[in-house]
Amino acid sequence: MELKEYLAILLRRWYFVVVVPLLVLAGVIYQASQTTTTYTATLRMAVARTPDAPAPEEDFFRYDQYYAYLASEYLIDDLVEVVRGNVFAADVSRMLMASEGIEVSPGEIQGSLASERINRILTIRITSGDPNRAVVIAQAAAATLEEKAGNYFNFPNASDIVSVTPVQLPENAAANSQRQQLILALQVIIGLFAGVLIAFLVDYLDDTLRSPETVSAALGLPVIGTIPEGKGGR
């Protein structure tokens, strides 16, 4: 099939190409009007396991730094899961009340929190409809980790064994509108492709013979002449 035949199909079924994207666009506009912008504050903490101090009488090399490094790798894996739990959320809630006088339920904190690790850096993201609220929750989470990170593992003298140091403290929260706009734009593009596909599908199912080529292909007979469209003579 030549390109002009594809164009002829699109011109013949133009209403699908126009109406379907318009319906999708109407839905996108409605979604945009109902969507509330959210904001994310990002916190990053460096986590390390402090090497044990050698006994005074020891005079041999114990590879303390190496084993402390390995222990830190396991520690950060576990800490990613710890900060997702309701115990950590409850501690952050108490920290907020004690330091800021703000009451935030543990359920809200747990639902707004996401965590991940890259090497020995723990990244925590707090998402909220209020940018200031996201920032204060993230700051309280940092303070809670600095104070209690080792306690979640029942280490004796936890503050001396686990070192949690902030490498990025949030000063503001970034709006998540770009991602929402991208999703809405993709919906419109998908609607346009859907309209084109429906136009070709409807034309494929239509058994009307519209050209000499389709007549010849359907009947298996050569076409010896055509009558052009136009007004008849007297």
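Residues numbered from 1 in each chain as written. Predicted model: local features only at pLDDT ≥ 70, side-chain atom pairs only at ≥ 80, totals over all residues. Heavy atoms only, no water.

A. Summary view of the pattern of salt bridges. For the coordinates displayed, the defined rule picks out 7 salt bridges. One salt bridge in this structure joins Asp91 and Lys148, with 3.7 Å as the shortest N-O distance. Highlighted residues: Asp91 in helix H4 (residues 86–99) and Lys148 in helix H6 (residues 131–148), separated in sequence by 57 residues. With its nearest N and O atoms 2.7 Å apart, the salt bridge here joins Arg133 to Glu108. Separated by 25 residues along the polypeptide, Arg133 in helix H6 and Glu108 in helix H5 (residues 106–112) bring together distant segments of the chain. Among the ionic contacts, a cluster of salt bridges with common partners joins Arg12, Arg13 and Asp203. (Salt bridge = Lys/Arg side-chain N within 4 Å of Asp/Glu carboxyl O. Helix = DSSP H or I, 4+ residues; strand = E, 2+ residues; numbered from the N terminus.)

B. Representation of the nonpolar core. Grouped together as the largest cluster of nonpolar side chains are 35 residues, with contacts concentrated most on Phe88, Val92, Leu96, Leu122, Ile124, Ile137 and Leu145. Secondary-structure elements contributing two or more residues to this core are strand S1 (39–49), helix H3 (64–82), H4, strand S3 (121–128), H6 and strand S4 (162–168). Considering every element that reaches this core, the biggest residue donor is H6, with 9 residues. Excluding residues within four positions of it along the chain, Ile124 makes contact with Ala41, Thr42, Leu43, Val83, Leu113, Ala114, Ser115 and Leu145. (Core = buried A, V, L, I, M, F, W, Y, C linked by side-chain atoms within 4.5 Å. Buried < 20%, exposed > 50% of the residue type's maximum accessible area, 1.4 Å probe, protein only. Contact = heavy atoms within 4.5 Å.)

C. Representation of helix H2 (residues 14–34) in the model. A rise of 1.5 Å per residue sets the reference length of H2, with its 21 residues, at 30 Å; its end C-alpha atoms lie 31 Å apart and thus fit the reference within 8%. Of all the residues in H2, the buried ones are Val20, Pro21 and Val28. Looking straight down H2, one finds that the buried residues subtend no more than 90 degrees of arc, so they occupy a single side. Exposed and oriented more than 90 degrees from the buried face of H2 are Trp14, Leu23, Ile29, Tyr30, Ser33 and Gln34. Residues of H2 that are buried in the fold lie against helix H8 (177–205). (Expected span 1.5 Å × (residues − 1). Arc of directions from axis to C-beta.)

D. Spatial organisation of the environment of Thr226. Within the secondary structure layout, Thr226 lies in the segment after helix H9 (212–219). Distance from Thr226 to Pro212, taken between C-alpha atoms, is 7.6 Å for residues 14 residues apart in sequence.

E. Molecular detail of the packing of aromatic side chains. Taken as a whole and assessed by the stated rule, the structure comprises 4 aromatic pairs. With a centroid separation of 5.9 Å and 75 degrees between ring planes, the pair formed by Trp14 and Tyr15 is classed as edge-to-face. Ring centres of Phe88 and Tyr152 lie 6.2 Å apart, and the angle between their planes is 65 degrees; on these two criteria the pair is classed as edge-to-face. Of this pair, Phe88 sits in helix H4 while Tyr152 sits in the loop between H6 and helix H7 (158–161); the two residues are 64 residues apart in sequence, bridging distant segments of the chain. Like Tyr152, Phe88 is buried. Three or more aromatic residues link up through ring pairs in this structure, and these residues are Trp14, Tyr15 and Phe16. (Phe/Tyr/Trp six-rings, centres within 6.5 Å; stacked < 30°, edge-to-face > 60°.)

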